[in-house]
Amino acid sequence: SYYATTHSGERKEKKIVLGENDETWNKLRHQHIADVSKFVYDDFQSFAKNRKLKPTGSSEVSIKDLARYIRKVPQYQKELNEFSLHINLVDDCMRKYKG
């Protein structure tokens, strides 16, 4: 499980299963956390750029932007939820790693 911030700002526990159906998990599960972090971040930025999800005048998309897009762009909801999951997991791992 992991904790995600809802659109109302509340932290909510979400339960997930990382398994063979998760392409990102399968690709990255044996990689170093620094490599995973870079990959997930770069992949998300590329996704946002290719679908023109970046705010006007901004060079990057934040987690808050991600949450806003999930609500506004239902056709990308599945992909955006997957990015949210992996970004949150990477962030949690990095916090624990840094102590």
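What this report covers is the structure whose coordinates are included nearby. Nothing here was measured: the structure is a model prediction, and the numbers come from that model.

### Some remarks on the overall build of the protein
Right, so step 1: Secondary structure summary: the protein contains 4 helices and 2 strands in total.
Right, so step 2: Reading the protein from its N terminus to its C terminus gives the helix and strand order β-β-α-α-α-α.
Right, so step 3: Counting across all 99 residues of the protein, residues that qualify as buried make up 27%.
Right, so step 4: In the protein, the proportion of contacts linking residues at least 24 apart, taken out of those at least 6 apart, comes to 40%.
Right, so step 5: Just so you have it, the protein exposes about 7200 Å², and 49% of that area is on carbon and sulfur atoms.

### Some thoughts on helix α2 (residues 33-50)
Right, so step 1: Here α2 is 18 residues long and its end C-alpha atoms lie 25 Å apart, about the 26 Å a rise of 1.5 Å per residue gives.
Right, so step 2: Of all the positions in α2, only V36, V40, F44, Q45, F47 and A48 are classed as buried. One side of α2 holds all its buried residues, which, seen down the axis, span an arc of 160 degrees. For α2, the exposed residues set more than 90 degrees away from the buried face come down to K38, K49 and N50.
Right, so step 3: At the C-terminal side of α2, K52 shows a positive phi close to 55 degrees.

### Description of the packing of aromatic side chains
Right, so step 1: Enumeration according to the criterion identifies 2 aromatic pairs in this entry.
Right, so step 2: With centroids separated by 5.1 Å and ring planes inclined at 50 degrees, the aromatic side chains of F47 and F83 adopt a geometry described as tilted. Placement of F47 in helix α2 and of F83 in helix α4 (residues 77-98) is noted, with a sequence separation of 36 residues between them. Assigned by exposure class, F47 and F83 land together as buried.

### A word on the pattern of salt bridges
Right, so step 1: Counted according to the given criterion, the structure contains 4 salt bridges.
Right, so step 2: Among the salt bridges present, the one from K38 reaches D42, with a minimum N-O distance of 2.6 Å. Of this pair, K38 and D42 both sit in helix α2, 4 residues apart, which is roughly one turn of that helix.
Right, so step 3: Owing to a relative accessible area of 52%, K38 belongs among the exposed residues under this scheme.
Right, so step 4: A salt bridge links D92 to R95; the shortest N-O distance between them is 2.3 Å. One end of the pair is D92 and the other is R95, both in helix α4 and 3 residues apart, which spans about a single turn.

Reading guide: rules and limits
- Residues numbered from 1 in each chain as written.
- Predicted model: local features only at pLDDT ≥ 70, side-chain atom pairs only at ≥ 80, totals over all residues.
- Heavy atoms only, no water.
- Helix = DSSP H or I, 4+ residues; strand = E, 2+ residues; numbered from the N terminus.
- Buried < 20%, exposed > 50% of the residue type's maximum accessible area, 1.4 Å probe, protein only.
- Contact = heavy atoms within 4.5 Å.
- Areas by Shrake-Rupley, 256 points an atom, 1.4 Å probe, with all protein chains shown as cover.
- Expected span 1.5 Å × (residues − 1).
- Arc of directions from axis to C-beta.
- Phe/Tyr/Trp six-rings, centres within 6.5 Å; stacked < 30°, edge-to-face > 60°.
- Salt bridge = Lys/Arg side-chain N within 4 Å of Asp/Glu carboxyl O.

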